Amino acid sequence: MENASHRYKEFYVKDFVISALMENCLGFNFSTRNDLHGNKCGGGGVMLWRGNLMEKLNQQEFSFLSYGRELKKPLHLLELLKRTTIHGESNSALIIGPRGSGKTMLLNHVLKELMEVKQVRENLLQVHLNGLLQTNDKIALKEITRQLQMENVVGDKVFGSFAENLAFLLEALKKGDRDSSCPVLFILDEFDLFVHHKNQTLLYNLFDISQSAQTPVTVIGITCRQDILELLEKRVKSRFSHRQIYLMNSFDFKQYLRIFKEQLYLPAEFVYKPFVQKWNKNVQSLSEDRTVQDVLQNHFHCSKDLRSLHMLLMLALSSITVSHPFMTGSDLLEASKLCRMDSKANIVHGLSVLEICLIIAMKHLNDVYEGEPFNFQMVYNEFQKFIQRKAHSMYNFEKPVVMKAFEHLLQLELIKPIEGLPVRAQREYLLMKLLLDNNQIMDALQVYPNCPTDVKQWATSSLSWL
Amino acid sequence: MNTRQQCKRIYSWVGRAKSSDQQLKTFQYRGILIKSERSLTEMCVLLGEFVLVEGENADQPFVAKLLKLYEDGSQEKHAVVQWFSRITELPLNKRKLLQREVSPQEIFLDKAPGYDTDINVETIIKNVKVIPLAPEEAVPVRSNGKQIFFVKESWDGKCFKPLSPGLLSELKEAEKNKKVGSPSPLTDCQVFPSDFICSLKAETDRVTRSTVKTKNIQMEIESRHSASKSSLSKERHSQRVANGINTPGARKKLQLNSPSKSRNKLTGCDVLELLGDDCDALEPSATKRKVTFTKILGSPPKISRTSGESDSPLAIRGDWSKLAETVRIAPYRRGQDSSPKAKNLDGKDDDTCLAEEQELMTRSPVVIPRSHRKCVQKTTALIAEQLHFLNISEQDREDDYLPSTDCSDSSSSEEEESMMPCTPKRKMRSSTTLSTPKSLRKPSDIISAKTPRKTPEPRTPKTPRNATPRIPIRNQATEKPANVLEEARLRLHVSTIPGSLPCREEEFQDIYNFVESKLIDGTGGCMYISGVPGTGKTVTVHEVIRCLQQAAENDELPSFQFIEINGMKLTDPHQAYVQILQLLTGQKVTATHAAELLAKLFSTPGPKRKTTVLIVDELDLLWTRKQDVMYNLFDWPTQKQAKLIILAIANTMDLPERIMMNRVASRLGLTRMSFQPYTYKQLQQIISSRLNHIKAFEEDAIQLVSRKVAALSGDARRCLDICRRSTEICEFSSQKSASGLVSMAHVMKAIDEMFSSPYINSIRNASLHEQMFLKAIIAEFRRSGLEEATVQQIYHQHVALCRIEGLQIPTVSEIMAICSRLGACRLLLVESNNKYLHVRVRLNISHDDVMYALKQE
């Protein structure tokens, strides 16, 4: 009985987030039970390594260099920061790369390494800003002042007006010099958002300090926009040193496969040694499996972003239970399906037959009028034609009911009213657009449970009046 | 001080014209009557008397002697004066010549040429007392009369000389005459030996006046002020009585102090004579008291005085603990203070008590030479008791003191304390000053900032107004460059200011000549300097100023004041006023008030005003819709008295025509200069002059950099940055190259790194479907002939392409994800709304680039 309840839970907890949350409690329960597989390892072990792997994926705490990237980039950045702290040289640099290409990770990796040098640890002051948090210069200045623990900070509050804060900060930075004052490292995450601040005052001043004999500062910007330099104002641009570190996902599929394996390998120092071996062997064989490679190849073709790989593995991992301790190709396939799921088509699955009919009517209208917007009345007429033809099999809904179904589609955002037109028009005559593509509709109909054949026929026929 | 500024004065002559000059149509007068409109008081200033004259800093008016009063043909009242200078008015580098501490009330007979001695009578504020001293006399510390100065030496612009005997006697004579015949009663003054502290003066002054009740006309305002102060002190006094604690020790001390001698009516000269005896007579009683106090302070005065300098950014952290220590003393003192008064008060009404207390006060600040420290040992027992006290009262008073009193504030009051004669009252005061960090202390000593303010409500939020801006000091010293490349990198950093500025000699000379001529003429003017970024505008102007300052130091030019604002460093154009005023006078006011003050400053005839050189960097950012900031800036130099030279810097040459209204552009004038972008030869010269014979670059490499940059922008910053980067690249690969010099290859690599477009590379590194999507976009554009398509259209193309290539067809969600990823990189421009499939997409790069990038595969 107890077992069944757990099974149920395991089944239910498909979603990895929930499973991650319930991890501890389940793991605890299983560990009290006998071993199912005759292994020395109990169920607790299974859950433990699952947790371990998930943690690994979540924290992305794998060796940075395992990426197969050029070694030069971290080295360049490391040297740059070292020179700032040890020689007091001011610098500025931008780290640019698409989302998920490891910009922040690169920086964190370098900072971690940097902090191991005693000389650096004792001298460097860090200021972390994020364009999403510091949405204007006023907030950004307060935050800088707070993080530097200047003298106009009491507790966590910064006193003074915007102008005073700016003057104060500039004065402080101006008073410092290369030899005596602590170097300050400014890290501006989402750098592109700082560009939109008024006059780019903050950027101008930071870059100006980095180019004049004041307190040594290094300004590191992190952004995913390739056109970032064009956004800088000419004076700001001139003061920026034009050091750009581009990060790309430049690995090919072989490296991708290696990363996949490295992600899944359990560390040798894991508690259940015999199991580690088995698991790792399984991972190796997985990576050679044809279906797995196909799944991964498709995933790789779609996006090289490693975060999406993590997502895939996370979903696959969550299907592991005590009774199913090793990952299989079908797990990955399942996970991949979950990942690739089309969200709008999914919504269509949950619609009533009437609503499906309306969508098919809209599809036909789109085909006839080549994507021109439609209104309720047109859809209703189309639907009526269909009903009249198939009167024997379809129930004739009244107009208000059809209207209700139409509004439900509106709420689900499967259709959308056209912008820029007066809203005062009668509901029936509001112009709408369908947010589904024909392919999506057809795919959804294929899997729609208990779809009347007439409706299917109507949908597939290219001529609406048949 | 504001009272003086706001209150209008009416000037009229005393008596009839003494003589007249028919040719010049001038009438000379014997004196002038100044009538204050507000307070309805009058004062009379006669020839030969000393007066205060309005200057740019309202807190520090100029001192001058009235030589001549006349009215010219146009009915304007003029005065001819002999200037006296305060120490703060003298150039910093010349102050060292004195080789002694100068008390703030010492002034110097100013014989330096260049100051206009003919002033408008309306700038005279009131008369003031100046006491001449023989060279051997020490400058007494006057405790009274904020308006007393001492003159001992003269200053002729180059060196200090003692006053000649003739002049001295003349001045003394004038002084005596005044004493006899002057209609305005002089303030009483008491003079104490010089190791006394001036900081006391405010207190004593207040007390003296309120006791003696002199109807001092000039002091009307101040005395009213003091009246309120004394009532306030009365209040606090009774408070103290309420929670006062009696110490036997203190009571004893009070008795020691009993021999009373009223010295209120002493005049300055009398004091000088009496000085010696007085000190001796009072010493014994004072000594003991002082000693106990010093001990409590815990740090010898010398130490605390050093910490008075902690304004400097290099202040040692240790100071803080010391400060905190002294601060903590305050509560104790208060507790102790209350005792004598508590005793005094018994059975007496407030008034009499106050009088007595005040009498005590005037007497008590008596000589306490520090040398008497040996007495400390005798009073150890007493100290132990007091220390015990400290612990108790500290808890009581915790609310009152704020631990984070700002640096300058606490240090200055500490300075007071360290030199403080220990009147009970005095000690209490210092504790109050300490606990009001809000009160912004003016640097002036004439108007005492030590007037007791309201005691703060307990637990007022501490606003660290006077916090010193500074960055912590690094723990370990910076490393010196270890090899040639590092040395080169250091020299090539933009921040390094080279000894000479190559390639801008002409511009330098033009600006120098402009400012120099204006300085010599004592007039004002504007100059507009334009040029694209990185052409050396700011650095050249700074170099000019540096040279001019050097020249002024060597007395080749009249000295001038240099201030600088930067439009980019202001949060709002109107903040320019605030910054200028603060840099000029140190006042901190709001923008509108600052504008008024500045307008007044530059429009009123300012005697003795130095020329001001103002650099306005990034001028275009001072633009407002009404253009009032720009208008004012350029209007001031046109005023006759302003003596303001403005060097405005901006990027565009046609800025005046483009964004300025006609009236602003007209005031800016036609003195323009434009900095051309550097040519490759100039850049080459800049690099080699910076390197200064360090062999780090191959000649060709330098030339390559210069040519590249000159072709692109002519921005010297870019040029230096590329050089710096190439040294790094060279260092990394130096194992391979034999010469160890930066070669062409390194430079090429650096240039590539900095200027190569990232787009091609990022397309090549995109995933297959992302590339496919770009192809689909181009296909769709070709099909429709438009440069814009919806995602739905592209999706259909994409599906078709996938079918051809035999790839798995991505779902719409995946396509949307791909689209937004490319949009985030700005390879695509994606409409930002929730139209889902109907979102419109454009390419951010040319078709050819995309095709080129994709073809390589």
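For the structure itself, consult the block above.
Residues numbered from 1 in each chain as written. Chains lettered and ligands numbered in written order. Predicted model: local features only at pLDDT ≥ 70, side-chain atom pairs only at ≥ 80, totals over all residues. Heavy atoms only, no water.

> Mind showing me how you'd approach the sheet that holds strand E1 (residues 9–14) of chain B here?
One key point about sheets: their strands pair by backbone hydrogen bonds, in either a parallel or an antiparallel sense. Residues and elements named next belong to chain B. Taken together, the 3 strands give an open sheet; going across it, the order is E1-E4-E5, and neighbouring strands pair in antiparallel fashion. The open sheet has two edge strands, E1 and strand E5 (42–46), and neither has a second partner. Geometrically, the sheet is characterised by an average inter-axis angle of 25 degrees between neighbouring strands, direction not taken into account. Two elements, E1 and strand E4 (residues 31–36), share 6 bridges in a ladder whose sense is antiparallel. When the bridges of E4 are listed, Ser12 appears paired with Leu33. (Pairing = 2+ DSSP bridges. Helix = DSSP H or I, 4+ residues; strand = E, 2+ residues; numbered from the N terminus. Axes fitted to C-alpha atoms, helices over the stretch in contact; angles between N-to-C directions.)

> Is there a simple way to think about the nonpolar core in this case?
A general feature of soluble globular proteins is that nonpolar side chains tend to end up buried together. The biggest cluster of nonpolar side chains holds 42 residues, and the ones touching the most others in it are Leu148, Phe191 and Leu203 of chain A. Sequence-distant contacts of Leu203 of chain A, that is, excluding residues within four places in its chain, are made with Leu188, Phe191, Phe194, Val195, Leu232 and Val236 of chain A. (Core = buried A, V, L, I, M, F, W, Y, C linked by side-chain atoms within 4.5 Å. Buried < 20%, exposed > 50% of the residue type's maximum accessible area, 1.4 Å probe, protein only. Contact = heavy atoms within 4.5 Å.)

> What exactly am I supposed to notice about unusual backbone geometry here?
In most cases, non-glycine residues show a negative phi, while peptide bonds are predominantly trans. Here His242 of chain A, not a glycine, exhibits a phi torsion of approximately 65 degrees, which is positive. Inspection of the secondary structure assignment puts His242 of chain A in the loop between helix H12 (234–239) and strand E7 (244–246). For His242 of chain A, a relative accessible area of 4% translates into the label buried. You will see that Arg826 of chain B, though not glycine, has its phi angle at about 65 degrees, which is positive.

> Can you help me understand the interface of chain B and chain A in this one?
When the parts of a complex come together, some accessible area is lost, and that lost area is often used as the size of the interface. Listed by partner, the interface residues are 84 residues for chain B and 96 residues for chain A. Scanning the region where chain B abuts chain A turns up 8 salt bridges. The interface formed by chain B and chain A holds 36 residue pairs in polar contact (both at pLDDT 80 or more) in total. For the side of chain B that touches chain A, the elements supplying multiple residues, two or more each, are helix H15 (484–492), helix H18 (575–585), helix H25 (716–732), helix H26 (744–755), helix H27 (758–764), helix H28 (768–784), helix H29 (791–805) and helix H30 (812–824) of chain B. The element that contributes the greatest number of residues to the side of chain B that touches chain A is H25 of chain B, accounting for 7 residues. Classifying every residue of the side of chain B that touches chain A gives 33 nonpolar, 26 polar and 25 charged. (Salt bridge = Lys/Arg side-chain N within 4 Å of Asp/Glu carboxyl O. Polar contact = N/O pair within 3.5 Å; in protein donor to acceptor, adjacent residues only side chain to side chain. Nonpolar A, V, L, I, M, F, W, Y, C, P; charged D, E, K, R; others polar.)

> Looking at this structure, I do not really get the pattern of salt bridges. What am I missing?
Here the idea is simple: oppositely charged side chains can pair when their charged atoms come close. This structure, assessed with the given rule, holds 37 salt bridges over all chains. Between Asp654 of chain B and Arg658 of chain B there is a salt bridge, and its shortest N-O distance comes to 3.3 Å. Among the ionic pairs, Arg672 of chain B bridges to Glu657 of chain B, the shortest N-O distance being 3.1 Å. Taken together, the residues span a long stretch of sequence, with Arg672 of chain B in strand E20 (residues 672–675) and Glu657 of chain B in helix H21 (residues 655–659) at a distance of 15 residues. For Glu657 of chain B, a relative accessible area of 53% translates into the label exposed. Through salt bridges with shared partners, one network takes in Arg83, Glu89 and Arg243 of chain A together with Asp715, Arg718, Asp721, Arg724, Arg725, Glu728 and Glu753 of chain B.

> Sorry, what's going on with the side chain of Thr85 of chain A here?
Along the polypeptide, Thr85 of chain A turns up in helix H4 (residues 72–87). Take Thr85 of chain A: its relative accessible area is 0%, and that puts it in the buried class. Within the local environment of Thr85 of chain A, its side chain forms a polar contact with the backbone oxygen of Lys82 of chain A, the two atoms lying 3.0 Å apart. For Thr85 of chain A, the contacting residues outside a window of four places in its chain are Val120, Leu124 and Pro183 of chain A together with Arg474 of chain B.

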